[in-house]
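# Coordinate inspection notes
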Amino acid sequence: MTQSHHPYEALTPDVVIDCVESSGLISDARIFPLNSYENRVYQVGIEDAEPLIAKFYRPGRWTDEQILEEHQFTLEMAAAEIPVVAPLQFDGRTLLESEGFRFALFPRRGGRQLELDNFDHLEQVGTMLGRIHALGSAKPFTYRPTLTLQHFAIDSREFILDGDFLPRENRQAYASITGHIIEQVAPLFEREWKLLRLHGDCHSGNFLWRDETPWFVDLDDCLMGPAIQDIWMLISGNRAEQTAYLDAVLEGYETFYSFDPQQLQLVEPLRCLRQMHHAAWLARRWQDPAFPQAFPWFNTPRYWAEHILALREQQSALLEPPLTLGAV
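First, a word on scope: everything that follows refers to the structure included in this document. (Residues numbered from 1 in each chain as written. Predicted model: local features only at pLDDT ≥ 70, side-chain atom pairs only at ≥ 80, totals over all residues. Heavy atoms only, no water.)

## What to know about the layout of surface pockets
Unfilled space is identified by rolling a water-sized probe across the atoms. Approximately 300 Å³ is the volume attributed to the second largest pocket. Along the wall of the second largest pocket there are 16 residues; nearest its centre are Glu-268, Ala-317, Glu-320, Pro-321 and Pro-322. Listing elements by their share of the lining of the second largest pocket, those giving two or more residues are α5 (168-189), α6 (239-253), α7 (267-284) and α9 (301-318). For the lining of the second largest pocket, the class distribution of residues is ten nonpolar, three polar and three charged. (1 Å grid on protein atoms, 1.4 Å probe; cavity = no way out; pocket = protein on both sides within 12 Å on 5 of 7 lines; lining within 4 Å. Points joined across faces, edges and corners; volume = space filled by probe spheres on them. Helix = DSSP H or I, 4+ residues; strand = E, 2+ residues; numbered from the N terminus. Nonpolar A, V, L, I, M, F, W, Y, C, P; charged D, E, K, R; others polar.)

## Quick word on the sheet that holds strand β1 (residues 27-33)
Pairing within the open sheet is antiparallel, and its five strands lie in the order β1-β2-β3-β5-β4. This sheet does not close on itself; its edge strands, each paired only once, are β1 and β4 (96-98). Across this sheet, the average inter-strand angle for adjacent strands is 35 degrees, counted without regard to direction. With six bridges joining them, strand β2 (residues 40-46) and strand β3 (residues 49-56) adopt antiparallel strand pairing. Paired with Arg-40 across the two strands is Phe-56, which belongs to β3. Strands β1, β2, β3, β4 and β5 (101-107) of the sheet are contacted by helix α1 (residues 13-21), whose axis makes an angle of about 125 degrees with β1. (Pairing = 2+ DSSP bridges. Axes fitted to C-alpha atoms, helices over the stretch in contact; angles between N-to-C directions. Contact = heavy atoms within 4.5 Å.)

## Things to note about unusual backbone geometry
Look at Asp-91: it is not a glycine, yet its phi comes out positive at around 55 degrees. When you line up the elements, Asp-91 lands in the loop between α2 (64-79) and β4. With a phi angle near 55 degrees, Glu-99 is a residue other than glycine that sits in the positive phi range. With respect to the helices, strands and loops of the structure, Glu-99 is situated in the loop between β4 and β5.

Shown next, in the form of C-alpha cells:
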C-alpha cells in the first residue's frame, strides 16, 4: 500500500470487501461503518450467513506480535467461558492481511449499553473482571505495553508542549498544572504494584449487556498494569456514590480474585493520567480527517481552557483521602 496523507485513505468500500473475501468468505457487498476512530470497523454482509464485524488496525500503531497477544488473551477468555467477542480463526490465523491492511473478523453481537448506576450490572461486571484478572495473572504479556507514568502522562505532556496546539495564553498554565500533577503522582507510580494482564479500557462503551450478562467487546488497549485500572472507570459520582459502586463491583470481583485495597490510592492519579493521555491522543490523530469531524471542539481556545480547568479540579482530588472499602 502506498502511504497516503492519512492511514485509511486507501480503505475504500471495494478494498474492505476484497479484504474480507481474502479470508475465503463471500460478501454480499453490504457495508455499514461502525463508531470507531482509532481503528476502522465495519459490519460486512456475508452471503447466506450472519454479517461479520471487520476491524482494520491502524497502520503503525501495534506490531503483529502485540495484536496477536491481544487475540490470544481474548481467545483464552473465550475458552474459559468468559463472555467476550473473540476474533474468528481462518486456518488457525486471527490476524489477516490484504491490500496492505491488517485486520481481524469477529462475529456480530447485539446488545444494549451497560448501566453503570445499576448495582446488579456492576456486580456482574465485577464477577467477570475477577475471572479475567485470575486468568490474566497466570502469565505476563511479552509484547503488549505496560501502564506507566512515562507513557500516559510525561510523553503526553511533552507531545502537547512540543506541538502547535496550545494557544499562547494557555501554554504556561498547561505546562504548570501538568508538571505539578506528574510530580504529585510520581511516588505512587514508583511503587512496585502487582501487575497483570488487563482489559485496559473498561468504560461502558466497551461492554454490551446481552442475555443478562456483560459482554466485553474490545481489547484493543489491553496491557500490563495494576488491577484497579480495570475498575476505576466503573465508579463515578460523589464519594458516597463511588464507594457504593466500588462495593458492588468488588462483591462480584472477589468471588474469583483478591483485590488489594492499597490500589485505591491510584484511582485519582489514574483519572489524571487518562485526562492527559486523551488530550494527547486527539492531538496525535489530528491529521486523520475522521478526528476533526468527530471531535470539532478539540484544539480550540475553549477546549484548552476547559481542559486546564478540569486538570486543576483533578489535582484538588489528589489531595483528598483515597476511597476506602465499605461493606464488601
